[in-house]
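The chain contents come next:
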Amino acid sequence: MDRSNIQDPPEYEDQEQSDPLKKGWMIGSPPPADKIIKFIHEDNKFPQMRWSLANIRQLVPTAQISHGLGPISNLPQRPHDISQVQWVDAEGNTKTFMDMMNLTYTDGLMVLHKGHVVYEKYFGVMNPTKPHLAMSVTKSFVGTLGAILVHEGKIDDTKQVIHYVPELARTAYGDATVRQVLDMTISVKYSEDYSDENAEVWNYSQSAGSMPRLPDYDGPETLYEFLLTLRKDKEHQHDERFWYKTVNTEILAWIIRRVTQKPLAVYLSERIWQRMGAADDAYFMVDSIGTESAGGGFNTCLHDLARFGEVMRNRGFFNGQQVIPAEVVDDIKFNGDKKKFEPAGYHTLEGWSYRNMWWVGEDAVGEFEARGIHGQRIHVNTKAEMTIVRYASHPYASNIINDPPTQAAYRALANAIIFDIIIESIL
């Protein structure tokens, strides 16, 4: 869920107070009993998640996305302290880029300009070699793989989903097309409202292994079993409008596995991760039979997330090769449908659209994003030649809380770059 009507979010400990190092969690051999974090329902919340999002592989099984044996691509350094770049909040108060990082519970952030790393900052237990859970940023990786297969003619996005996965004939996807899945214009009875304890997202998460199963859980045991339970929303038809539903990405992943005859982790490794010269392996959380959590189970180090952001900023060209076809990136940037997106009511994303599981912003600046709950983000601004990647552990899942400071600070930084306010060393 990326939107909410909550007016007064609950009060939480701030960035410094909730620092997992200061909390002393998971330190010691063994840690004290009151400092242990387990994969149980009570420990899957804030503030414990400030530790767990950067240590998920210690808690659950994962599948490796190998970076291969090839050379690591270069991320040249041109450091500059941007922490004091100013932006103005909704109340007219002047704040700094550092304020934004604190307000959004940033765990790690990197800014690149023209391919150079100009700023890199870590908080809490996060560091340059530690993978962090990407949440729904995962979807943009999977959507990109799907778009590549469409471009290569291996998937026909005008065909129905059941052409590739006939097992879904009696589900909401029995009369849906692949294009409708890619752009999330599917009518399916599935709620992603994290404030609703009866929302289908909880059964999905428990079947996927991405959340601990409650003692009374008697639902599907695997992702595939869960996907077969999905039924159409009787009040709507496919392709009427945009509906953000994580299960669409799981359907797309099923199609990708069926077409490529490879696990998603292997295909992502071969098609993108190795080609872009990733420095480290990445990982997918998996369910009880090893099926990757395609909707939100991706884990990477921050610098490799930045490499992928640069791939997208450069129309797919990176590490001396065309990692992703330029036409795929152009399709994402220019073919989203704003009219279908508008009824979804994302008040912090007015004028945006959605294409191939990417969020597409203002045409004038070439702004587009991969977004995940609790503040995960790949932000690309092609006019400013800027890429920002962030991992975070904001206590509130919906991005409606962290969007205002994030967007204001990112655009202030872009303007500073564009209008030469930042000193020449960054340019």
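Please refer to the structure higher up on the page.
To start, this report covers the structure provided alongside it. (Residues numbered from 1 in each chain as written. Predicted model: local features only at pLDDT ≥ 70, side-chain atom pairs only at ≥ 80, totals over all residues. Heavy atoms only, no water.)

Observations concerning the pattern of salt bridges
Part 1 of the reasoning: If you walk through the whole model with that rule in mind, you get 24 salt bridges.
Part 2 of the reasoning: With a shortest N-O distance of 2.6 Å, Arg 315 and Asp 330 are connected by a salt bridge. Of this pair, Arg 315 sits in the loop between α10 (302-313) and β9 (317-318) while Asp 330 is found in helix α11 (residues 326-334), placing the two residues 15 residues apart along the sequence.
Part 3 of the reasoning: Between Asp 331 and Arg 355 there is a salt bridge; the shortest N-O distance is 3.0 Å. In this pair, Asp 331 is assigned in helix α11 and Arg 355 in strand β11 (residues 353-355), connecting sequence segments 24 residues apart.
Part 4 of the reasoning: A relative accessible area of 13% places Arg 355 in the buried class.
Part 5 of the reasoning: The network of salt bridges with common partners includes Asp 157, Arg 179, Asp 183, Asp 331 and Arg 355. (Salt bridge = Lys/Arg side-chain N within 4 Å of Asp/Glu carboxyl O. Helix = DSSP H or I, 4+ residues; strand = E, 2+ residues; numbered from the N terminus. Buried < 20%, exposed > 50% of the residue type's maximum accessible area, 1.4 Å probe, protein only.)

Some words on the sheet that holds strand β13 (residues 367-372)
Part 1 of the reasoning: The strand order β5-β4-β15-β14-β13-β12-β11 describes an open sheet built from seven strands, whose pairing is antiparallel. With one partner strand each, in any of the chains shown, β5 (116-122) and β11 form the two edges of the open sheet. Between one strand and the next, the sheet's axes are offset by a mean angle of 15°, whatever the strand orientation.
Part 2 of the reasoning: Taken together, the six bridges between strand β4 (residues 106-113) and β5 define a ladder with antiparallel strand orientation. Within β5, the position partnered with His 113 by the bridge is His 116.
Part 3 of the reasoning: Against the sheet, α10 touches β4, β5, β12 (358-360), β13, β14 (376-381) and β15 (386-392), its axis set at about 145° to β15. (Pairing = 2+ DSSP bridges. Axes fitted to C-alpha atoms, helices over the stretch in contact; angles between N-to-C directions. Contact = heavy atoms within 4.5 Å.)

Some points on the layout of surface pockets
Part 1 of the reasoning: Taken as a whole, the largest pocket holds about 1100 Å³ of empty space.
Part 2 of the reasoning: If you go around the largest pocket, you meet 47 residues; those closest to its centre are Asn 44, Tyr 194, Trp 202, Met 211 and His 374.
Part 3 of the reasoning: Broken down by element, the residue count for the lining of the largest pocket peaks at six residues, all from helix α6 (residues 200-208).
Part 4 of the reasoning: Residue composition of the lining of the largest pocket, by class: 24 nonpolar, 17 polar and six charged. (1 Å grid on protein atoms, 1.4 Å probe; cavity = no way out; pocket = protein on both sides within 12 Å on 5 of 7 lines; lining within 4 Å. Points joined across faces, edges and corners; volume = space filled by probe spheres on them. Nonpolar A, V, L, I, M, F, W, Y, C, P; charged D, E, K, R; others polar.)

A look at the side chain of Glu 367
Part 1 of the reasoning: Locating Glu 367 in the fold gives a position in strand β13.
Part 2 of the reasoning: Setting aside its immediate chain neighbours within four residues, Glu 367 contacts Trp 352, Val 360, Gly 361, Glu 362, His 379, Val 380 and Arg 411.

Overview of the packing of helix α4 (residues 137-151) against α11
Part 1 of the reasoning: Interhelical geometry of α4 versus α11 gives an angle of 120° and a closest axis separation of 9 Å. With respect to α11, the axis of α4 lies oblique. The two elements α4 and α11 cross, and the hand of that crossing is right-handed. Along its contact with α4, which presents Thr 144, Ala 147, Ile 148 and His 151, the element α11 presents Glu 327, Val 328 and Ile 332.
Part 2 of the reasoning: Considered class by class, the residues forming the contact of α4 with α11 number four nonpolar, two polar and one charged. (Parallel < 35°, antiparallel > 145°, perpendicular 65-115°, else oblique. Left-handed = near helix turned anticlockwise from the far one by under 90°.)

A few points about the packing of α4 against α10
Part 1 of the reasoning: Packing of α4 against α10 brings their axes to within 13 Å, and their N-to-C directions diverge by 45°. By the angle between their axes, α4 is oblique relative to α10. When the axes of α4 and α10 are compared, the crossing they make is left-handed. Judged by residue contacts, Val 137, Phe 141 and Thr 144 of α4 engage Leu 305, Phe 308 and Met 312 from α10.

Some details on the packing of aromatic side chains
Part 1 of the reasoning: If you walk through the whole model with that rule in mind, you get 23 aromatic pairs.
Part 2 of the reasoning: Seen from their ring centres, Phe 341 and Tyr 346 are 5.5 Å apart, and the 25° between their planes marks the pair as stacked.
Part 3 of the reasoning: The buried category is assigned to Phe 341, whose relative accessible area is 3%.
Part 4 of the reasoning: A residue is classified by how much of its surface remains accessible, and Tyr 346, at 6% relative accessible area, is buried.
Part 5 of the reasoning: On the basis of an interplanar angle of 90° and a centroid distance of 6.0 Å, the ring pair of Phe 341 and Trp 359 is categorised as edge-to-face. Here Phe 341, found in helix α12 (residues 338-341), pairs with Trp 359, found in strand β12; they are 18 residues apart in sequence, far enough to count as distant. Of the two residues examined, Phe 341 and Trp 359, each falls in the buried class.
Part 6 of the reasoning: An aromatic cluster is defined as three or more aromatic residues linked by ring pairs; in this entry it consists of Phe 141, Trp 273, Phe 284, Phe 298, Phe 308, Trp 358 and Phe 368.
Part 7 of the reasoning: Looking at Lys 121, its charged tip hangs above the ring of Phe 123, at a distance of 5.7 Å from the centre.
Part 8 of the reasoning: Residue placement shows Arg 371 over the ring face of Trp 359; its charged tip is 5.4 Å from the ring centre. (Phe/Tyr/Trp six-rings, centres within 6.5 Å; stacked < 30°, edge-to-face > 60°. Lys NZ or Arg CZ within 6 Å of the ring centre and 35° of its normal.)

Shape descriptors only; they carry no functional weight alone.
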